[in-house]
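# Working through the structure, step by step
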Amino acid sequence: MGILPQLILNSIIAGAIYTLVALSFNLIYSTTKFFNLAHGVMAAIGGYAVFYFSKTLGLDIHIAIVLGVILTGFVGFGVDKFIYLQLRKRKASNMVLLVASLGVMTALQAIIAILFSSRFKTLSGNIDTQKIFTILGGVITQTQLVILLSAVLIMAGFVIFLYKTQFGKTVRAISDDEEVARIIGINTNKIIGYIFFIGSAVTGFTGILIGFDVGIEPTMGLSLLLKGVIASIVGGVGNIYGGVLGAFLLGFVENFGIWKISGEWKDAIAFALLIVFLIFRPRGIMNK
Amino acid sequence: MEYLIHLAILFVIYATLGVSLNLVVGYTGLLSVTHAAFYGIGAYTTAIFLTKSGVGFFSSLVSGIVIVVVISFLVGVVLSKFKGDYYALVTFGFNAIIFAVFLNWQNLTNGSLGVPGISRPELFGINFANNFNFLILALIFFVLVYFASRFIVNSSFGRVLKAIREDETAIAVFGYKTLSFKLVVFIISAAMAAVAGSLFASYITFIDPSSFQLTESMFILAIIILGGLGNLRGSILGALFLILLPEILRFVGFSSDIDAQMRQVVYGIILILLMLYRPQGLIGEYKL
C-alpha cells in the first residue's frame, strides 16, 4: 500500500478546494465574460478577515467565519460596482477589464500585507488538538473533512440556485446573451453585482477553509485562482459538473505528478495539463 | 551618484524589456504575460556560462539568445492557436512552467538558492565592473534594441503587425500568413528580453528564480500599458516612471516593509485609474 492511499486522499482534498474556486470563478466568468484576476484575492480577504475577527477581536470562531464570508462578498460587490461596472458602462474591452483586475489584485494583496504583514499565518488554534481520521492507511484531518463536505454542499447549492430558481434563470439568461437579457428587461448590472457578491463570498469561504487547513498569506490568491481557472477550462467553461470534474482531475494529476518529483513542480504540472487540454480539447471535457 | 547610476542601469534594463514586449502586445495586439520567462532564460544562461565555464560575457549573451529563440519558437507555435483571454492564460502557464524549471533544476540553476558570483564583462581592456562603464554598455544594447524595434515597426513587416492587431481576419484574407508574422515578432521580442536578462545577471552578479516570476511579467506589462501601447517611446516613459516611483515614495518615509507594499498599492491603483480614464496609457496609440 505505502503512500498510495494518502496520495488519493490528498488529491481528493485538493480537488474539493479547486471545485469551490472553479465554481465561483465560472459563475462570474460566464456572466461577465472577462478574466477576473482579482477573484483569487477574495480567498485571502476571507482568511484574513476571520483571522482579524477571531484572533484580534476575540469573537467566537463561527461568528467570525460568517462575518468573514459576508465581508468578502461585499468587497467583491464593491469592486464590481466601483470599477468593473464603470468599465462596462464605458464599453471597455475584456482586455481592459483584465488589466484593471490585475490592478485590483495587486492593490488588495498589498493592502492585506500592510495590515497584517506578509508572514504566513494559520487560523487553527492548535494543530495537535485537531481530530485525525485514518481511512485505508491514509490520514485526513477534521478540517479536511469539513472541506470535502463544504465542496459537496456548495456544489449542490449552485445546482439548485442556477437551475431551480428564478434568479438562476436570470443569471443563465445573462450568460447566454447579455444584450438580449437587457432588452427583455433584466437589470443585468444589478444581477452581475449579486453574482460578484456570491462568487466572492464562496471564494472567501474557500480561503477560510485553506486558512484552517494549511494557512494564509496575502499572495495565496493568484495560484489558487489559476488552479480554479484551469479546472473550469479543463472541465468545460460554464458547466457546473464540468468544473467539478476538472477540479478533481486537476487534483489527481497534480498530486500523482509529484509522486516521484519535488512538490514545487505542482504549478507547472497544472499548466501543462491546461495547455494539453487547450490544444486537443479546448471546449473541455463536458461541453459539446 | 553611485545610486543614481544604479537606478539608471535598472531603468535601461526595464526599458529594453518594455520596448521588446511592446512589439508583441502593443503592435500585434497579443496580450503576452510571459516576458519574464525569456528574460530569466537569458539571465540564467549568462549566469551559468559565466560561473561554470570559461566562456566570456558575449558568448554567453549569444548563447542565451539562441536558447531563447528555440524556446520562444516552440512556445509561439503553441500560442498561435489562441486568442484573447486564453492567449493570456497560456502565457501565464509558460511563465509558471519556466519558473518551476528555474526552481527545480537543481544541478543547473541551484534551485531557490540562486547563482551567486556572476562576473562582470571585460572587453577591449575596458572593465565593466565599474558601474558607469556598465551603464554605457547597457545603454548601447538598449539603443540597438530600440532602433531594431523602430525599424521593425516602421517597415512593411510592422505594418502587417498593426493590421493583425486591428483585424486579423481581414489581413489574412489579403493572403498574409498572419501566423508566421505573429511567430516571428514573438521570437524577436523574446530574444530582446534575453539580452536584458544577460545584462541583469551580470550587473546584479547574483540571480535567483524569484526575479522571474509571473508577477515580474505583470510588472513589465504594467510598464508598457502605463507608457502606452503601440508607442516605443511610451515604454521608455513607463519604465522611467515605474522605476522612479519607489524613489518618490521613499520621501514619504514608510518603514521598509510597508514601503515595498505601498509601491504595489500605488501601482495597482495606477493600473485601475488608467483603465478607467486613459486605457491607451500616457502616449499610447492603441487601446486594448
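Okay, so let's go over this structure.

Conventions we followed
Residues numbered from 1 in each chain as written. Chains lettered and ligands numbered in written order. Predicted model: local features only at pLDDT ≥ 70, side-chain atom pairs only at ≥ 80, totals over all residues. Heavy atoms only, no water. Contact = heavy atoms within 4.5 Å. Buried area = accessible area lost by both parts, 1.4 Å probe. Salt bridge = Lys/Arg side-chain N within 4 Å of Asp/Glu carboxyl O. Polar contact = N/O pair within 3.5 Å; in protein donor to acceptor, adjacent residues only side chain to side chain. Helix = DSSP H or I, 4+ residues; strand = E, 2+ residues; numbered from the N terminus. Nonpolar A, V, L, I, M, F, W, Y, C, P; charged D, E, K, R; others polar. Axes fitted to C-alpha atoms, helices over the stretch in contact; angles between N-to-C directions. Parallel < 35°, antiparallel > 145°, perpendicular 65-115°, else oblique. Left-handed = near helix turned anticlockwise from the far one by under 90°. Phe/Tyr/Trp six-rings, centres within 6.5 Å; stacked < 30°, edge-to-face > 60°. Buried < 20%, exposed > 50% of the residue type's maximum accessible area, 1.4 Å probe, protein only. Lys NZ or Arg CZ within 6 Å of the ring centre and 35° of its normal. Core = buried A, V, L, I, M, F, W, Y, C linked by side-chain atoms within 4.5 Å. Pairing = 2+ DSSP bridges.

### A closer look at the interface of chain B and chain A
Each partner contributes to the interface: chain B provides 38 residues, whereas chain A provides 43 residues. Both sides together, the interface formed by chain B and chain A hides about 3,500 Å², and carbon and sulfur atoms give 81% of it. Inspection of the region where chain B meets chain A yields zero salt bridges. Between the two partners, chain B and chain A, sit two residue pairs in polar contact (both at pLDDT 80 or more). Per-element accounting of the side of chain B that touches chain A gives the leading share, 15 residues, to helix 4 (residues 84–104) of chain B. For the side of chain B that touches chain A, the per-class residue count stands at 29 nonpolar, six polar and three charged.

### With respect to the packing of helix 4 (residues 94–116) of chain A against helix 12 (residues 256–277) of chain B
In a packed pair of helices, the relevant descriptors are the angle between the two axes and the axis-to-axis distance. The contact between helix 4 of chain A and helix 12 of chain B brings their axes to 7 Å, and the two run at 155°. Overall, the two elements helix 4 of chain A and helix 12 of chain B adopt an arrangement that is roughly antiparallel. Where helix 4 of chain A crosses over helix 12 of chain B, the two elements pack in a sense that is left-handed. Only Ile258(B), Gln261(B), Met262(B), Gln264(B), Val265(B), Tyr267(B), Gly268(B), Ile269(B), Leu271(B), Ile272(B) and Met275(B) of helix 12 of chain B make contact with helix 4 of chain A, whose side of the interface consists of Val96(A), Val99(A), Ala100(A), Leu102(A), Gly103(A), Val104(A), Thr106(A), Ala107(A), Ala110(A), Ile111(A), Ala113(A) and Ile114(A). Looking at side-chain class alone, the contact of helix 4 of chain A with helix 12 of chain B contains 18 nonpolar, five polar and no charged residues.

### A short note on the packing of aromatic side chains
The geometry of an aromatic ring pair is captured by two quantities: the separation of the ring centres and the angle between the planes. Per the stated rule, a full pass over the model turns up 30 aromatic pairs over all chains. Consider the rings of Phe252(A) and Phe256(A), whose centres lie 6.0 Å apart with planes at 15°: the pair is stacked. Taken together, the residues span about one helical turn, with Phe252(A) and Phe256(A) both in helix 10 (residues 240–257) at a distance of four residues. Phe252(A) sits in the partly exposed class, given a relative accessible area of 29%. Residue Phe256(A) is classed as partly exposed on the basis of its relative accessible area, which comes to 27%. With a centroid separation of 5.7 Å and an interplanar angle of 85°, the aromatic rings of Phe219(B) and Tyr267(B) are classed as edge-to-face. Separated by 48 residues along the polypeptide, Phe219(B) in helix 10 (residues 214–227) and Tyr267(B) in helix 12 bring together distant segments of the chain. Given the relative accessible area of 7%, Tyr267(B) is considered buried. Sitting over the face of the ring of Phe134(B), Arg120(B) holds its NZ or CZ atom 5.0 Å from the ring centroid.

### Topic: the nonpolar core
Residue and element names in this part refer to chain B. Ranked by internal contacts, the top residues of the largest apolar core, which has 192 residues, are Phe-92, Ile-207 and Met-218. When residues in this core are grouped by element, the largest group, 16 residues, is from helix 1 (residues 2–27). Filtering out sequence-adjacent residues up to four positions away, Ile-207 remains in contact with Ala-43, Tyr-44, Ala-47, Gly-114, Val-115, Ile-118, Phe-200, Ala-201 and Phe-212.

### Thoughts on the pattern of salt bridges
Residues and elements named next belong to chain A. Scanning the entire structure with this criterion turns up seven salt bridges over all chains. We note a salt bridge from Lys-227 to Glu-254, for which the minimum N-O separation is 3.0 Å. Of this pair, Lys-227 sits in helix 9 (residues 220–235) while Glu-254 sits in helix 10; the two residues are 27 residues apart in sequence, bridging distant segments of the chain. Grouping residues by exposure puts Lys-227 and Glu-254 together as buried. What emerges from the salt-bridge pattern is a single network uniting Glu-178, Glu-179 and Arg-182.

### A closer look at the pairing of strand 2 (residues 138–141) of chain A
Consecutive side chains of a regular strand alternate in pointing toward one face of the sheet and then the other. Residue and element names in this part refer to chain A. Here four bridges tie strand 1 (residues 132–135) to strand 2, and the two strands are oriented antiparallel to one another. Bridge assignment links Ile-132 to a residue of strand 2, and that residue is Thr-141. Once strand 1 ends, the chain turns through two residues before running back antiparallel as strand 2, passing Leu-136 with a positive phi of about 50°.

### Comments concerning the side chain of Glu254(A)
Residue and element names in this part refer to chain A. By relative accessible area, Glu-254 is classed as buried at 0%. One polar contact links Glu-254 to Lys-227, side chain to side chain, over a distance of 3.0 Å. With residues up to four places along the chain from it excluded, the contact list for Glu-254 reads Tyr-18, Lys-227, Lys-266, Ile-269 and Ala-270.

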